[in-house]
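Structural overview for review
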Amino acid sequence: MTPSVAIIGGTGLTALDTLKITRRETLSTPYGEPSGPVIHGELGGRVVAFLARHGPRHALPPHRINYRANLWALHRIGVKWVIAVAAVGGIRDDMTPGVLAFPDQLVDYTWGRCCTFFEDHLAQVTHIDFTEPYCGELRERLIQAARALNLGARESCAYAAAQGPRLETAAEIRRMERDGCDIVGMTGMPEAALARELGLCYAACAVVANRAAGKVPGVITMAEIERNLVAGMDQVRSLLTQVIPMLDGER
Ligand code: HPA
(Lines give C-alpha, C1' and ligand atoms only; values in the text may rest on other atoms or scores of the structure.)
Protein backbone atom coordinates (compact mmCIF):
# COMPACT_ATOMS: atom_id res chain seq x y z
CA MET A 1 0.00 0.00 0.00
CA THR A 2 1.22 3.48 -0.86
CA PRO A 3 1.32 5.88 2.09
CA SER A 4 -0.57 9.13 1.51
CA VAL A 5 0.94 10.90 4.50
CA ALA A 6 4.56 11.45 5.44
CA ILE A 7 5.85 12.85 8.68
CA ILE A 8 9.26 14.45 8.83
CA GLY A 9 10.39 14.25 12.43
CA GLY A 10 12.77 16.87 13.80
CA THR A 11 14.71 17.30 17.03
CA GLY A 12 12.74 15.57 19.78
CA LEU A 13 10.92 13.32 17.30
CA THR A 14 13.58 11.03 15.85
CA ALA A 15 11.25 8.05 16.20
CA LEU A 16 7.49 7.83 16.35
CA ASP A 17 6.46 5.21 18.88
CA THR A 18 2.78 5.53 17.91
CA LEU A 19 3.65 4.20 14.45
CA LYS A 20 3.04 0.49 13.93
CA ILE A 21 6.11 -0.17 11.78
CA THR A 22 5.74 -2.52 8.83
CA ARG A 23 9.05 -1.99 7.00
CA ARG A 24 12.07 0.24 6.49
CA GLU A 25 12.89 1.37 2.97
CA THR A 26 16.36 2.63 2.02
CA LEU A 27 16.08 4.83 -1.04
CA SER A 28 18.75 6.46 -3.14
CA THR A 29 17.89 9.47 -5.24
CA PRO A 30 19.49 11.45 -8.08
CA TYR A 31 20.36 13.98 -5.34
CA GLY A 32 22.14 11.57 -3.03
CA GLU A 33 21.13 9.81 0.15
CA PRO A 34 18.18 10.86 2.34
CA SER A 35 18.79 11.37 6.07
CA GLY A 36 17.88 7.74 6.73
CA PRO A 37 15.46 5.00 5.74
CA VAL A 38 11.81 5.83 5.18
CA ILE A 39 9.89 4.02 7.92
CA HIS A 40 6.56 2.65 6.70
CA GLY A 41 3.83 1.88 9.15
CA GLU A 42 0.27 2.43 10.28
CA LEU A 43 -1.03 5.30 12.34
CA GLY A 44 -4.60 6.41 12.90
CA GLY A 45 -5.82 3.69 10.54
CA ARG A 46 -3.71 5.04 7.70
CA VAL A 47 -0.57 3.90 5.95
CA VAL A 48 2.02 6.47 6.91
CA ALA A 49 5.70 7.11 6.15
CA PHE A 50 8.13 8.59 8.66
CA LEU A 51 11.54 10.14 8.03
CA ALA A 52 13.88 11.41 10.74
CA ARG A 53 15.21 14.70 9.35
CA HIS A 54 18.47 14.62 11.32
CA GLY A 55 18.93 10.88 10.73
CA PRO A 56 18.03 7.96 13.01
CA ARG A 57 20.86 8.87 15.44
CA HIS A 58 20.16 12.61 15.28
CA ALA A 59 23.65 13.24 13.95
CA LEU A 60 23.03 15.47 10.90
CA PRO A 61 23.16 19.21 11.63
CA PRO A 62 20.63 21.46 9.83
CA HIS A 63 23.05 22.74 7.17
CA ARG A 64 24.17 19.20 6.30
CA ILE A 65 20.74 17.69 5.77
CA ASN A 66 20.15 16.59 2.20
CA TYR A 67 16.76 18.27 1.90
CA ARG A 68 16.50 17.47 -1.80
CA ALA A 69 17.05 13.75 -1.27
CA ASN A 70 14.57 13.70 1.62
CA LEU A 71 11.78 15.38 -0.33
CA TRP A 72 12.54 13.44 -3.48
CA ALA A 73 12.34 10.15 -1.58
CA LEU A 74 8.95 11.06 -0.09
CA HIS A 75 7.69 12.13 -3.50
CA ARG A 76 9.01 8.89 -5.04
CA ILE A 77 7.03 6.69 -2.66
CA GLY A 78 3.90 8.61 -3.68
CA VAL A 79 2.81 10.59 -0.63
CA LYS A 80 0.47 13.55 -0.99
CA TRP A 81 0.68 15.15 2.46
CA VAL A 82 3.86 16.04 4.31
CA ILE A 83 3.68 17.11 7.95
CA ALA A 84 6.99 18.64 9.01
CA VAL A 85 7.59 18.62 12.75
CA ALA A 86 10.27 21.03 13.94
CA ALA A 87 11.65 22.49 17.15
CA VAL A 88 11.82 26.30 17.23
CA GLY A 89 12.74 29.21 19.42
CA GLY A 90 9.92 31.53 20.44
CA ILE A 91 10.24 35.18 19.38
CA ARG A 92 6.67 36.48 19.87
CA ASP A 93 5.72 36.90 23.52
CA ASP A 94 3.13 34.11 23.46
CA MET A 95 5.57 31.63 21.92
CA THR A 96 6.61 30.01 25.18
CA PRO A 97 8.23 26.58 25.66
CA GLY A 98 5.90 23.68 24.92
CA VAL A 99 3.57 25.70 22.66
CA LEU A 100 2.59 24.25 19.26
CA ALA A 101 2.50 26.63 16.30
CA PHE A 102 1.42 26.26 12.66
CA PRO A 103 3.28 28.86 10.58
CA ASP A 104 1.57 30.43 7.58
CA GLN A 105 4.53 32.50 6.42
CA LEU A 106 8.30 32.31 6.46
CA VAL A 107 11.41 34.40 5.95
CA ASP A 108 14.49 32.57 4.68
CA TYR A 109 17.85 33.58 6.22
CA THR A 110 19.66 30.39 5.19
CA TRP A 111 22.53 30.33 2.69
CA GLY A 112 24.65 27.80 0.83
CA ARG A 113 22.03 25.04 0.86
CA CYS A 114 20.91 23.19 -2.27
CA CYS A 115 17.54 24.89 -2.49
CA THR A 116 15.93 23.82 -5.77
CA PHE A 117 15.30 20.92 -8.13
CA PHE A 118 15.17 23.38 -11.01
CA GLU A 119 18.80 24.10 -11.85
CA ASP A 120 20.30 21.66 -14.35
CA HIS A 121 19.11 20.34 -17.71
CA LEU A 122 16.15 22.72 -17.83
CA ALA A 123 14.06 23.27 -20.92
CA GLN A 124 13.42 26.72 -19.47
CA VAL A 125 13.98 28.67 -16.26
CA THR A 126 11.28 27.80 -13.72
CA HIS A 127 9.99 29.95 -10.84
CA ILE A 128 7.42 28.41 -8.49
CA ASP A 129 4.81 30.59 -6.79
CA PHE A 130 5.60 30.76 -3.08
CA THR A 131 3.26 33.54 -1.94
CA GLU A 132 1.74 31.11 0.55
CA PRO A 133 4.63 28.81 1.46
CA TYR A 134 2.54 26.23 3.33
CA CYS A 135 -0.37 24.11 2.07
CA GLY A 136 -3.57 25.82 3.23
CA GLU A 137 -5.58 22.60 3.16
CA LEU A 138 -3.16 20.75 5.42
CA ARG A 139 -2.79 23.74 7.76
CA GLU A 140 -6.59 23.84 8.08
CA ARG A 141 -6.73 20.15 9.09
CA LEU A 142 -3.92 20.62 11.61
CA ILE A 143 -5.73 23.59 13.12
CA GLN A 144 -9.01 21.63 13.35
CA ALA A 145 -7.25 18.66 14.96
CA ALA A 146 -5.47 20.89 17.49
CA ARG A 147 -8.76 22.61 18.36
CA ALA A 148 -10.47 19.24 18.85
CA LEU A 149 -7.75 18.32 21.34
CA ASN A 150 -7.77 21.74 23.05
CA LEU A 151 -4.05 22.13 22.51
CA GLY A 152 -4.12 25.92 22.42
CA ALA A 153 -1.90 25.93 19.34
CA ARG A 154 -0.89 29.22 17.67
CA GLU A 155 -2.69 29.13 14.33
CA SER A 156 -0.93 31.94 12.49
CA CYS A 157 2.72 32.96 12.67
CA ALA A 158 5.81 33.61 10.58
CA TYR A 159 8.78 31.25 10.72
CA ALA A 160 12.33 32.53 10.42
CA ALA A 161 14.64 29.95 8.83
CA ALA A 162 18.08 30.51 10.36
CA GLN A 163 21.28 28.94 9.08
CA GLY A 164 22.59 27.46 12.33
CA PRO A 165 23.94 25.28 13.66
CA ARG A 166 24.69 27.96 16.24
CA LEU A 167 21.78 29.70 17.89
CA GLU A 168 21.14 33.36 17.04
CA THR A 169 22.52 36.51 18.64
CA ALA A 170 20.10 38.77 20.50
CA ALA A 171 20.48 41.36 17.71
CA GLU A 172 19.64 38.77 15.05
CA ILE A 173 16.48 37.92 16.93
CA ARG A 174 15.56 41.63 17.19
CA ARG A 175 16.08 41.90 13.44
CA MET A 176 13.89 38.85 12.79
CA GLU A 177 11.23 40.40 15.01
CA ARG A 178 11.37 43.65 13.00
CA ASP A 179 11.05 41.51 9.87
CA GLY A 180 7.76 40.16 11.22
CA CYS A 181 8.97 36.74 12.40
CA ASP A 182 7.36 35.01 15.38
CA ILE A 183 9.36 31.79 15.69
CA VAL A 184 12.85 30.71 14.58
CA GLY A 185 14.17 27.34 13.48
CA MET A 186 16.95 25.99 11.29
CA THR A 187 15.32 23.43 9.00
CA GLY A 188 12.20 25.04 7.51
CA MET A 189 14.05 26.06 4.36
CA PRO A 190 14.69 24.88 1.73
CA GLU A 191 12.40 22.04 2.86
CA ALA A 192 9.16 23.96 2.28
CA ALA A 193 10.22 25.26 -1.14
CA LEU A 194 11.38 21.84 -2.33
CA ALA A 195 8.06 20.33 -1.28
CA ARG A 196 6.26 22.99 -3.33
CA GLU A 197 8.48 22.32 -6.35
CA LEU A 198 7.40 18.67 -6.20
CA GLY A 199 3.73 19.54 -5.74
CA LEU A 200 3.50 18.04 -2.24
CA CYS A 201 0.99 19.44 0.29
CA TYR A 202 3.44 20.50 2.98
CA ALA A 203 2.75 22.19 6.33
CA ALA A 204 4.77 22.59 9.49
CA CYS A 205 3.98 21.84 13.09
CA ALA A 206 6.48 23.78 15.18
CA VAL A 207 7.15 23.07 18.83
CA VAL A 208 8.62 25.90 20.89
CA ALA A 209 11.67 24.53 22.70
CA ASN A 210 13.00 27.75 24.24
CA ARG A 211 12.56 31.51 24.24
CA ALA A 212 14.71 32.92 21.44
CA ALA A 213 18.10 34.53 22.16
CA GLY A 214 17.88 37.69 24.24
CA LYS A 215 14.22 37.15 25.15
CA VAL A 216 15.11 35.97 28.64
CA PRO A 217 18.32 36.46 30.62
CA GLY A 218 20.98 33.76 30.49
CA VAL A 219 22.21 31.27 27.94
CA ILE A 220 20.13 28.73 26.00
CA THR A 221 21.24 25.17 26.70
CA MET A 222 20.59 21.93 24.82
CA ALA A 223 19.42 20.45 28.12
CA GLU A 224 16.69 23.12 28.36
CA ILE A 225 15.68 22.56 24.74
CA GLU A 226 15.49 18.79 25.17
CA ARG A 227 13.52 19.07 28.42
CA ASN A 228 10.92 21.38 26.92
CA LEU A 229 10.56 19.24 23.81
CA VAL A 230 9.54 16.16 25.78
CA ALA A 231 6.16 17.65 26.73
CA GLY A 232 5.75 19.37 23.37
CA MET A 233 6.30 16.16 21.43
CA ASP A 234 3.67 14.37 23.51
CA GLN A 235 1.21 16.93 22.16
CA VAL A 236 2.55 16.37 18.65
CA ARG A 237 1.95 12.61 18.92
CA SER A 238 -1.68 13.21 19.95
CA LEU A 239 -2.08 15.75 17.17
CA LEU A 240 -0.76 13.31 14.55
CA THR A 241 -3.10 10.56 15.71
CA GLN A 242 -6.00 13.03 15.47
CA VAL A 243 -5.13 14.63 12.13
CA ILE A 244 -4.04 11.64 10.05
CA PRO A 245 -7.54 10.11 9.73
CA MET A 246 -8.70 13.56 8.52
CA LEU A 247 -6.42 13.37 5.46
CA ASP A 248 -7.66 11.64 2.34
CA GLY A 249 -5.61 9.09 0.49
CA GLU A 250 -6.09 10.44 -3.02
CA ARG A 251 -3.56 12.35 -5.00
N1 HPA B 1 16.81 29.15 17.22
C2 HPA B 1 16.89 28.40 16.09
N3 HPA B 1 16.48 27.13 16.04
C4 HPA B 1 15.98 26.59 17.16
C5 HPA B 1 15.89 27.31 18.36
C6 HPA B 1 16.33 28.67 18.39
O7 HPA B 1 16.27 29.36 19.41
N8 HPA B 1 15.35 26.46 19.29
C9 HPA B 1 15.13 25.28 18.65
N10 HPA B 1 15.51 25.35 17.37
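Residues numbered from 1 in each chain as written. Predicted model: local features only at pLDDT ≥ 70, side-chain atom pairs only at ≥ 80, totals over all residues. Heavy atoms only, no water.

**Details of the packing of aromatic side chains**
Here the structure, examined in full by the defined rule, presents four aromatic pairs. Pairing Tyr-31 with Trp-72 gives two aromatic rings, centres 5.3 Å apart and planes at 65 degrees, and the pair type is edge-to-face. You can see Tyr-31 sitting in the loop between β2 (20–25) and β3 (38–43) and its partner Trp-72 sitting in helix α1 (residues 67–76), a full 41 residues away along the chain. Residue classification places Tyr-31 among the partly exposed positions, given a relative accessible area of 25%. Take Trp-72: its relative accessible area is 24%, and that puts it in the partly exposed class. (Phe/Tyr/Trp six-rings, centres within 6.5 Å; stacked < 30°, edge-to-face > 60°. Helix = DSSP H or I, 4+ residues; strand = E, 2+ residues; numbered from the N terminus. Buried < 20%, exposed > 50% of the residue type's maximum accessible area, 1.4 Å probe, protein only.)

**A word on helix α5 (residues 222–243)**
For the α-helix, the turn length of 3.6 residues means that residues three or four positions removed from each other point alike. If you check α5, its first and last C-alpha atoms are 30 Å apart, about what 22 residues at 1.5 Å a residue would give, namely 32 Å. The largest bend in α5 is about 30 degrees, located at Val-230. Turning to α5, its buried residues number three or more, namely Ile-225, Leu-229, Gly-232, Met-233, Val-236, Arg-237, Leu-239, Leu-240 and Val-243. For α5, the elements touching its buried residues are β1 (5–9), β3, β5 (81–90), β6 (100–101), α2 (136–148) and β10 (201–211). (Expected span 1.5 Å × (residues − 1). Bend = angle between axes of the 7 residues up to and from the residue. Contact = heavy atoms within 4.5 Å.)

**Side note on the pattern of salt bridges**
Within this structure, the stated rule accounts for 15 salt bridges. A salt bridge links Asp-93 to Arg-211, with the nearest nitrogen and oxygen atoms 3.8 Å apart. On the criterion of sequence distance, the pair formed by Asp-93 in the loop between β5 and β6 and Arg-211 in strand β10 is long-range, its members being 118 residues apart. Given the relative accessible area of 12%, Arg-211 is considered buried. A salt bridge links Glu-155 to Arg-147; the shortest N-O distance between them is 2.7 Å. Classification of Glu-155 by relative accessible area gives partly exposed; the value is 28%. When its relative accessible area of 53% is taken as the criterion, Arg-147 is described as exposed. Through salt bridges with shared partners, one network takes in Arg-92, Asp-94, Arg-154 and Asp-182. (Salt bridge = Lys/Arg side-chain N within 4 Å of Asp/Glu carboxyl O.)

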